[in-house]
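# Notes for the structure review
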Amino acid sequence: MAEKNITPLAFRQLIREGKFTEPTSGYCPGFAQANLIILPKEEAYDFLLFAQRNPKACPLLEVTDVGERLTKYVAKDCDIATDFPKYWIYRDGVKTEEVTDISSYWQDDFVAFVIGCSFSFESEMIDAGIEIRHNTMGCNVPMYITNIDCVPAGRFSGKMVVSMRPIPSNQLVKTVTVTAALPKVHGSPIHIGDPKEIGITDVAHPDFGDPVEIRPGETTVFWPCGVTPQSIVMNVKPKLAITHAPGHMLVTDVKNVDLKE
């Protein structure tokens, strides 16, 4: 287990060495975290267009050059193939493997999309006095596939994934205000209240992550989630795609304050 306040560079080094493979929520507070999808070049333009048309779900922080494993903008000494705690390998839309290093899977035609993550604004919420329940419980954030259609682009289409945090009713306005200030990491909620209105039939059984306690007087609040690409991959079934494992993010060198509008 790493110290929560470790520097992003030191944290990435632990991950690269295989010494940390857990969810990253709560680590390196104040620094932006990121999701990932890697596709062959022939699929990359369509996905770039998809991300541009769906900025709430897929806010791009960086797109790598073809075949390039090192990031140029979000972090120094950052290897896309080693610096996420866990990766999922999809073949024809089916998750076939979970690994902690994709160096042996890397192809010269790969393009990596680094996408903003709602874990980034959690430290801002904590600073505002808002509890993050999955942190308190020591588990992963719950994530759900919704009935919300993404705007299609090329061959990419499908349903939006959301993350959920229960919020006391008297903190809802503060929560919206804090998160809306960070649109590059999903920004304001997309839904507040009844999960069934966005197609979630059982909030106690998330599609990704872990269930969390919802206490009396709390409201379920849902944000667009960077796991949306996994939903899209399962829908359109590209021959090969690699993503991060939900909740197991890249911690960047970008400060949250620099993402505020």
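A few points on the structure. (Residues numbered from 1 in each chain as written. Predicted model: local features only at pLDDT ≥ 70, side-chain atom pairs only at ≥ 80, totals over all residues. Heavy atoms only, no water.)

## Re the overall build of the protein chain
Short version of the rule: Secondary structure elements are defined from DSSP: runs of H or I of at least 4 residues count as helices, runs of E of at least 2 residues count as strands, and each element is numbered from the N terminus. Atoms counted for the radius of gyration: C-alpha only. Globule rule: 2.2 Å times residue count to the power 0.38. Three exposure classes are used, based on accessible area relative to the maximum for each residue type with a 1.4 Å probe and protein chains only: buried under 20%, partly exposed in between, and exposed over 50%. By definition in these notes, contact holds between two residues if any of their heavy atoms fall within 4.5 Å. In this tally, Asp and Glu contribute negative charge and Lys and Arg positive charge; neither His nor the terminal groups of the chain are included. Positions of charges follow a simple convention, taking NZ of Lys, CZ of Arg, CG of Asp or CD of Glu.
Helix and strand content of the protein chain: six helices and eleven strands. Here the C-alpha radius of gyration of the protein chain, 17 Å, is about what a compact globule of 261 residues would show, namely 18 Å. Taken over the C-alpha atoms alone, the protein chain extends approximately 50 × 40 × 35 Å along its principal axes. Among the 261 residues that make up the protein chain, the fraction classed as buried is 55%. Across the protein chain, contacts joining residues at least 24 apart in sequence account for 77% of those joining residues at least 6 apart. Distance between charge centroids for the protein chain: 2 Å, based on 25 positive and 33 negative side chains.

## Re the side chain of S163
To keep it simple, the criterion reads: Nitrogen and oxygen atoms within 3.5 Å of one another constitute a polar contact, given that in protein one can donate a hydrogen and the other can accept it, and given that sequence-neighbouring residues count only through two side-chain atoms.
Position of S163 among the secondary structure elements: in strand β7 (residues 159-168). A distance of 2.9 Å separates polar atoms of two side chains, one belonging to S163 and the other to R165. Sequence-distant contacts of S163, that is, excluding residues within four places in its chain, are made with S118, V141, P142, M143, V221, F222, W223 and C225.

## Regarding the nonpolar core
We count it as follows: Take the buried Ala, Val, Leu, Ile, Met, Phe, Trp, Tyr and Cys residues and link them wherever side-chain atoms come within 4.5 Å; each set so joined is a nonpolar core.
In terms of nonpolar packing, the biggest core is built from 41 residues, with F47 and F50 touching the most fellow members. Those elements that place two or more of their residues in this core are β1 (31-40), α2 (41-53), β3 (87-91), β5 (110-116), β6 (143-149), β7 and α6 (228-236). By residue number, the principal contributor to this core is α2, which donates five residues. Those residues in contact with F50, other than ones at most four positions away along the chain, are C58, C150, V151, A153, F156, S157 and I232. Counting residues in hydrophobic clusters, the runner-up holds 20 residues, among them A34, A75, A81 and I89.

## Regarding the packing of aromatic side chains
Cut-off, in case you're wondering: Here the aromatic set is Phe, Tyr and Trp, taking the six-membered ring for Trp, and pairing holds for ring centres within 6.5 Å; pairs whose planes are under 30 degrees apart are stacked, those over 60 apart are edge-to-face, and all others are tilted. Note on criteria: charge over ring means Lys NZ or Arg CZ within 6 Å of the ring centre, with the direction from the centre no more than 35 degrees off the ring normal.
Under the criterion given, the structure shown has twelve aromatic pairs. Seen from their ring centres, F47 and F113 are 4.9 Å apart, and the 65 degrees between their planes marks the pair as edge-to-face. Placement of the pair is F47 in helix α2 and F113 in strand β5, with a sequence separation of 66 residues. Like F113, F47 is buried. The rings of F47, F50, F113 and F156 are connected pair by pair, giving a single aromatic cluster. One residue, K4, lies across the ring of Y27, its end atom 4.2 Å from the ring centre. Above the ring of W223, the side-chain terminus of R165 is found at 5.1 Å from the ring centroid.

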